[in-house]
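Letter by letter, the chains look like this.
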Amino acid sequence: MNHLVATPVEPLLSKKSRSQTSQPIIPAIGKDGLLFPIEKLKAHEDGILHLAVSIFVFCGPNLLIQRRAASKYHCGGLWANTCCTHPHWNEAPEDSARRRLYEELGLTLDLTPARVVEYYAEVSNNLIEHERVQVYRADVATQNLAFNLAPEEVADVRWLDVRELKKDAVANPQLYAPWFKIYLARWGDLGL
């Protein structure tokens, strides 16, 4: 699972795409199971299976969730788990999880890997999330964390009891990101 294809990115991108892209290059998963580099937006436009990470920070039974910034390229304004991202090409999943947790929330926490799950979800703006996700858990002793929210990424955070969160996602599904609703419905599969 943690194998990265040793092919350099540069030869796989044309001069035109190198000069015009500002999209991160992430690892996609071919039908043969091997990883190959792809622009993040292209993976979402075409629904190509790719690697991702999802972080869940707990304080007792309460989960830290975030409301995505309204300006996000999909699912802006919706509530999601603590943090999600895609590893950059040749970046280890745990490194990407730590990086993104700090970039979005200003947090540096010890992460414990849980399970790997796969899902497919149509999201806003005609994009598709088709991801193989390494799930990570972090536990904190207090909800009073020193957040430094990146406003272009995160509009708000809150702590909710997971049981209440599951009920609210069923009662008010329009408030939650599609992948988060999948996670809540398949909670036992996450290994948290």
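Residues numbered from 1 in each chain as written. Predicted model: local features only at pLDDT ≥ 70, side-chain atom pairs only at ≥ 80, totals over all residues. Heavy atoms only, no water.

Description of the packing of aromatic side chains
Now for step 1: Scanning all chains against the criterion turns up 5 aromatic pairs.
Now for step 2: Ring centres of Tyr176 and Phe180 lie 6.1 Å apart, and the angle between their planes is 45°; on these two criteria the pair is classed as tilted.
Now for step 3: Look at Phe180 and you get buried, because its relative accessible area is 0%.
Now for step 4: Ring pairs connect the aromatic residues Phe56, Phe58, Tyr119, Tyr183 and Trp187, which therefore count as one cluster.
Now for step 5: Sitting over the ring of Phe58, Arg137 keeps its end group 4.0 Å from the ring centre. (Phe/Tyr/Trp six-rings, centres within 6.5 Å; stacked < 30°, edge-to-face > 60°. Buried < 20%, exposed > 50% of the residue type's maximum accessible area, 1.4 Å probe, protein only. Lys NZ or Arg CZ within 6 Å of the ring centre and 35° of its normal.)

Let's talk about the environment of Asp168
Now for step 1: When you line up the elements, Asp168 lands in helix α4 (residues 162–171).
Now for step 2: Asp168 sits in the partly exposed class, given a relative accessible area of 27%. (Helix = DSSP H or I, 4+ residues; strand = E, 2+ residues; numbered from the N terminus.)

A word on the pattern of salt bridges
Oppositely charged side chains may form a pair once their charged atoms are brought near each other.
Now for step 1: Going through the model one piece at a time under the given rule, you end up with 13 salt bridges.
Now for step 2: Here Glu91 and Arg99 are joined by a salt bridge, their closest N and O atoms 2.9 Å apart. Both residues of the pair, Glu91 and Arg99, belong to the buried class.
Now for step 3: With its nearest N and O atoms 3.0 Å apart, the salt bridge here joins Arg132 to Glu118. (Salt bridge = Lys/Arg side-chain N within 4 Å of Asp/Glu carboxyl O.)

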